[in-house]
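# Breakdown of the fold
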Amino acid sequence: MVTTGLRPRRSAVLRLLVVALALAGTLIGALGGAAPASAHAALTGSTPAQGSVVDRAPEQVTLTFSEGVAMGDDSIRVLDPQGKRVDDKKLRNLSSDRVVKYGAGLPPGLRDGTYTVAWQAVSADSHPVAGAFTFSVGAPSKTTAPVAQQEAGGGLVGALYGIARYLAYAGFVLLVGGAAFVVACRPTAALVRSVQRLVVYGWALLAGTTVAMLLLRSPYTGSGDLADVFDLGGLQQVLITKPGAALISRLLLLAAAALFVAVLFGAYARAHEPAGADADSEEQARRRKDLTFGLGFGGVIVATGLAATWAMAEHASTGLQPTVAMPVDVLHLLAVAVWLGGLAALVVSLYWGPPVERTAVRRFSRLAFGSVVVLVATGLYQSWRQVGTWQALTDTTYGRLLLVKVALVVVLVGIAWMSRQWTGRLAEVPAAELRAPEEAEKETEQGTEQEAGKEAGKEDRQEAAKEAEKVTVGASAAAATAGTAPSPAPESGPASKTGPAPESGPASKTGPAPESGASPAPDETPATNGTTPTADGAASPADGTPAPDPARAAQLARQQAALRTARTKRRRDADPERLGLRRSVLAEASVAVVLLVVTTALTATEPARTEAAVKATSGGQSAEAGRPQVLTIPFDTGGPRGKGTARVRLAPGRSGSANTLQLRISDPAGKPMDVPEAKVSFTEKAKKLGPLSVTTRHTGKGQWQASGVQLPVPGKWQLSLVVRTSDIDQVTEIKNVKIGS
């Protein structure tokens, strides 16, 4: 059995795309670990404050956020030291024009002890956020309520929802960009099957992921349990939220997009089929013009509506200047889709379709240039809106991702410039090669089947002739041995050279002997192509050989197709300009895959401006502040045994409370190492506090400890560690540590 591998051209394409997907997966993996912490609404303050001790029980607990959030009666829970809920289970909206604040009432007469506040909300840009903190009444208790680590938007549900978000963007790009390429750049591409599949797959991908996100929305922002996907009550609650309304709107627009795709590859494709000699060229041209205008106008409306479903539920819908940011975000998404989706359509056209016309490539080049201009203009505005300062580009996750995106765009533009150079060298495709792709493909298939059938029939007839010759020779030899002569030929016809021909048997070399010398009657039609009808009505060769074997014919057809594919590839590769264009466009598409991943990751990352605002309102603390701080500090005093590592742990890492500092020094092998002197101090330069020295006591080999370390204010402190390993060998190491309130 003959098997064939991947076509060389397709194999190369797949290898390069696999590399691009691997790079994209690496980025997803690098970013995915911190995805649950990438919430866009952040807790900027609370009353009572985190870790504080109050003299008497407050009347309510309030939470202040950096931007608008959606909360319910169960969004804020206050638990006593035994884990019993003590709040009144009614959400209080205390927000004003510029302050987002919610609270929960507390009953009078709460006992002394440590209380836990657990909260969960959905930010205005549709991302979930959750957290917990403690405060004490009178004095801290020995026990606190156990609260499971809340990972809003994490777990299996969060991973599935994130994958659906990435695929939804990819589907949008393929659908909009592929359709734009057909209508604006190459109308005959509506007849190319690879382009048809690209656009249809894009529509199906976007529709499927939208339904998946709608079902996953309730557990994604709530329990995190995958079984809640089938909770109709939760789905009903999702539908009345802004993200739910956006997803429903997207599904309705996809229904209109399905009609658009049907017309694009139906009436529009038929209008661009090669016209016959008697066709009315003016009527055909008018029909094409009307269809192009209708599809262009309707396509712009549908594509704009689809892009708006992201703008109304993502970053653009909240924060600074939302009325300006939402239209700008729509333009940004459309520019990305037209550029990258059109690039994907060009790739499949170049690799799996008839030769692409030079005019089509040049049209796409102009369209891509316009998309890049729009992309840069809208991207600059969005960068200013979401980042705010130059320093935030390097100090925040959002800023660093934005720099990666800018670098990828620069690389993509550079490769596009190379593609433009190849485009300028292209020669026009001969008119004979621009037949309708469907017609050419059908002719190829028919030719392959006919050639395969002829080859199979020829081999069968040759084998049958060999068998007939063996039978005839064997019969003659048997007659000679018995002393008899061969039987004479029938009177009505001459005998063949090798002996008589039986009435129903294999023919001799000279042909079959008819039973009578009479010619067929006038009303009888002799079988053509060497076949005669059989009892069951099927045609079989007149010489009695069997019909061609279907399995062998199929095998020969595959071999003929492989040879034809190889000839086509050699013919295409003989054109160095088109070969160079295909390779450069494929490289563009590979970089575009990674760019799309980074763009999607940006939508799931807390904007730099929001992060800076949180730090400003919380005294410079971040999500890590208010937790035990652990620092690993390598040092080298330059003398004998002067190298080692110091490990400093400060718990609970909050201001206004007694912290415990533990210091451990080890040698390069990791074993505890004593030194003559080790000193620690803290300095807060912004508020001109310090240095505040810490008195440590030696508790064991290579170990020191200090209790009651007081840091008066939260913020970014500098920890100074002085290590002396001899009378003259000493070094000072400085590290930053964030202290919460």
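Described below are features of the structure shown in this document. (Residues numbered from 1 in each chain as written. Predicted model: local features only at pLDDT ≥ 70, side-chain atom pairs only at ≥ 80, totals over all residues. Heavy atoms only, no water.)

## Structural notes on the overall build of the chain
Spelled out, the test is: Numbering of helices and strands runs from the N terminus; a helix is a DSSP stretch of H or I covering at least four residues, while a strand is a stretch of E covering at least two. Here a residue-residue contact requires only that any non-hydrogen atoms of the pair lie within 4.5 Å.
Regarding its fold elements, the chain presents 15 helices and 20 strands. Across the chain, contacts joining residues at least 24 apart in sequence account for 70% of those joining residues at least 6 apart.

## Topic: the sheet that holds strand 19 (residues 715-724)
Counted only if it meets this: Two strands form a pair only when DSSP identifies at least two bridges running between them. Convention adopted: a line fitted to C-alpha atoms gives each axis, helices being fitted over their contacting stretch, and angles between N-to-C directions are expressed from 0 to 180 degrees.
Read across the sheet, four strands follow the order 16-15-19-20 without closing on themselves; strand pairing throughout is antiparallel. With partners counted over all chains shown, the strands left at the sheet margins are strand 16 (689-694) and strand 20 (730-739), one partner each. Taking the axes of each pair of neighbouring strands and ignoring which way they run, one obtains an average angle of 25 degrees across the sheet.

## Focus on a positive patch on the surface
Short version of the rule: Only residues whose relative accessible area exceeds 30% and that form no salt bridge enter a patch; like-charged residues are grouped when within 9 Å of one another, and nonpolar side chains (Val, Leu, Ile, Met, Phe, Trp, Tyr) when within 5 Å. The Shrake-Rupley method, run with a 1.4 Å probe sphere, supplies the accessible areas, and residue values consider only the shown protein chains as cover. In what follows, salt bridge is the name for a side-chain nitrogen of Lys or Arg lying within 4 Å of a carboxyl oxygen of Asp or Glu. Counted charges follow a simple rule, with Lys and Arg positive, Asp and Glu negative, and His plus the chain ends left uncounted. In plain terms, the charge of a residue is placed at NZ if it is Lys, CZ if Arg, CG if Asp and CD if Glu. Working definition: with a 1.4 Å probe on protein chains only, accessible area under 20% of the residue-type maximum means buried, over 50% means exposed, and in between means partly exposed.
On the surface, Arg362, Arg363, Arg366 and Arg420 cluster together to form a positively charged patch. Ranked by the residues each element gives to the positive patch, the list is headed by helix 9 (residues 358-386), at three residues. On the secondary structure map, Arg366 appears in helix 9. On the basis of relative accessible area, Arg366 is assigned to the exposed category, the value being 54%.

## Some points on the sheet that holds strand 3 (residues 60-65)
Read across the open sheet, the four strands follow the order 1-3-7-6; overall the sheet is antiparallel. Whereas interior strands pair on both sides, the edge strands pair on one side only; in this sheet they are strand 1 (43-47) and strand 6 (91-93). For this sheet, the mean angle separating the axes of adjacent strands, direction not counted, is 25 degrees. One ladder, built from six bridges, connects strand 3 with strand 7 (residues 100-105); its direction is antiparallel.

## Some words on unusual backbone geometry
Pro48 follows Thr47 through a cis peptide bond whose omega is 0 degrees. Within the secondary structure layout, Pro48 lies in the loop between strand 1 and strand 2 (53-54). Backbone torsion omega between Gly690 and Pro691 reads 5 degrees, so that peptide bond is classified as cis. As for its position among the elements, Pro691 is in strand 16. Although it is not a glycine, Lys89 sits at a positive phi angle of roughly 60 degrees. One can find Lys89 in the loop between strand 5 (76-79) and strand 6.

## With respect to helix 8 (residues 322-351)
For the record, the criterion: To estimate how far a helix should reach, multiply one less than its number of residues by 1.5 Å.
In this model, helix 8 (30 residues) spans 43 Å end to end at C-alpha, consistent with the 44 Å of a helix rising 1.5 Å per residue. For helix 8, a buried count of 24 out of 30 residues is recorded, marking the element as mostly surrounded by other parts of the structure.

## Regarding a nonpolar patch on the surface
On the surface, a nonpolar cluster with roughly 410 Å² of combined accessible area is contributed by Leu156, Leu160, Ile163, Leu167 and Leu226. With respect to the helices and strands, the residue Leu160 is situated in helix 2 (residues 155-185). Overall, the relative accessible area of 33% leaves Leu160 in the partly exposed class.

## With respect to the packing of aromatic side chains
How we decide: Centres within 6.5 Å are what make two rings of Phe, Tyr or Trp a pair, Trp counting through its six-membered ring; a difference in plane orientation under 30 degrees is then read as stacked, over 60 as edge-to-face, and the rest as tilted.
According to the stated counting rule, one finds nine aromatic pairs in the structure shown. Geometrically, the ring pair formed by Tyr351 and Trp352 is tilted, given 6.0 Å between the ring centres and 45 degrees between the ring planes. The exposure class of Tyr351 is buried, given its relative accessible area of 6%. Of the residues examined, Trp352 reaches a relative accessible area of 24% and is grouped as partly exposed. When the centroid spacing of 6.0 Å and the interplanar angle of 40 degrees are considered together, the rings of Tyr381 and Trp384 count as tilted.

## Describing the nonpolar core
Quick note on the threshold: Residues enter a nonpolar core if they are buried and are Ala, Val, Leu, Ile, Met, Phe, Trp, Tyr or Cys, with the set joined through side-chain atoms within 4.5 Å.
Among the nonpolar cores identified, the biggest contains 97 residues, and Phe172, Leu175, Leu206, Leu264, Leu340 and Leu346 are the most heavily contacted of them. Those residues within four positions of Leu206 in sequence are excluded, and the remaining contacts are Ala168, Gly171, Phe172, Leu175, Arg250, Leu254, Leu306 and Trp310. Formed by 26 residues, the second largest nonpolar core is a distinct cluster that contains Val675, Trp704, Trp717 and Val737.

## Quick notes on the pairing of strand 3
Most of strand 3 is tucked away, with five of its six residues classed as buried. Here strand 1 pairs with strand 3 via four bridges, running antiparallel. Within the sheet, the bridge partner assigned to Leu43 lies in strand 3 and is Phe65.

## Quick look at empty space enclosed by the protein
Keep this limit in mind: A cavity, in this analysis, means grid points on a 1 Å lattice covering only the protein atoms where a 1.4 Å probe fits yet has no way out; a pocket is instead an open set bounded by protein on both sides within 12 Å along at least five of seven lines, and a residue lines either one if it has an atom within 4 Å of a point. Grid points are joined across faces, edges and corners, and a volume is the space filled by probe spheres set on the points. In this classification, Asp, Glu, Lys and Arg are treated as charged, Ala, Val, Leu, Ile, Met, Phe, Trp, Tyr, Cys and Pro as nonpolar, and every other residue, Gly included, as polar.
Going through the model one piece at a time under the given rule, you end up with six cavities of 30 Å³ or more. The computed volume of the largest cavity comes to approximately 130 Å³. Lining the largest cavity are 15 residues, and of these Ser126, Tyr161, Met213, Ala313 and Glu314 lie nearest its centre. Of the residues that constitute the lining of the largest cavity, the class distribution is eight nonpolar, three polar and four charged.

## Brief notes about the pattern of salt bridges
Under the criterion given, the structure shown has nine salt bridges. Note that Arg85 is salt-bridged to Asp74, the shortest N-O span being 3.3 Å. A residue pair is termed long-range when its members are at least 10 positions apart, and Arg85 in the loop between strand 5 and strand 6 and Asp74 in the loop between strand 4 (69-70) and strand 5 qualify at eleven residues. Overall, the relative accessible area of 22% leaves Arg85 in the partly exposed class.

## Describing the side chain of Thr725
Relative to the elements of secondary structure, Thr725 occurs in the loop between strand 19 and strand 20. Other than its neighbours up to four places away in sequence, Thr725 contacts Phe635, Thr637, Arg641, Gly642, Val675 and Pro676.

## As for the packing of helix 2 against helix 3 (residues 193-221)
For any two helices packed against each other, the geometry is given by the interaxial angle and the distance between the axes. Cut-off, in case you're wondering: Angle categories: roughly parallel below 35 degrees, roughly antiparallel above 145, roughly perpendicular from 65 to 115, and oblique for all the rest. Should the near helix be turned anticlockwise from the far one by less than a right angle, the crossing is termed left-handed; should it be turned clockwise, right-handed.
It is at 7 Å that the axes of helix 2 and helix 3 come closest, and there the two elements cross at 150 degrees. Taken together, the axes of helix 2 and helix 3 are roughly antiparallel relative to one another. Here helix 2 and helix 3 pass one another in a crossing that is left-handed.

## With respect to the environment of Thr660
Relative to the elements of secondary structure, Thr660 occurs in strand 14 (residues 659-666). Thr660 gets classed as partly exposed once you look at its relative accessible area, which sits at 29%. Separated by eleven residues in the primary sequence, Thr660 and Arg649 have C-alpha atoms spaced 7.9 Å apart. When neighbours within four sequence positions are excluded, Thr660 is seen to be in contact with Arg649, Leu650, Ala651, Gln705 and Ala706.

## Observations regarding helix 5 (residues 242-264)
Under the 1.5 Å per step criterion, the end-to-end length of helix 5 is 32 Å for 23 residues, consistent within 8% with the ideal 33 Å. Within helix 5 the residues assigned to the buried category are Pro243, Gly244, Ala246, Leu247, Arg250, Leu254, Ala257, Phe260, Val261 and Leu264.

## Some remarks on the environment of Phe260
Along the chain, Phe260 turns up in helix 5. Residue class for Phe260 comes out buried when judged on its relative accessible area of 14%. It is 7.1 Å that separates the C-alpha atoms of Phe260 and Gly299, two residues lying 39 residues apart in sequence. Residues within four places of Phe260 in sequence aside, it is in contact with Ala179, Leu295 and Gly299.

## Quick word on the packing of helix 2 against helix 8
It is at 6 Å that the axes of helix 2 and helix 8 come closest, and there the two elements cross at 70 degrees. When the interaxial angle is binned, helix 2 and helix 8 end up roughly perpendicular. Facing Tyr169, Phe172, Val173, Leu174, Val176, Gly177, Gly178, Ala180 and Phe181 of helix 2, the residues of helix 8 in contact are Leu333, Leu334, Ala337, Val338, Leu340, Gly341, Gly342, Ala344, Ala345, Leu346 and Ser349. For the contact of helix 2 with helix 8, the per-class residue count stands at 15 nonpolar, five polar and no charged.

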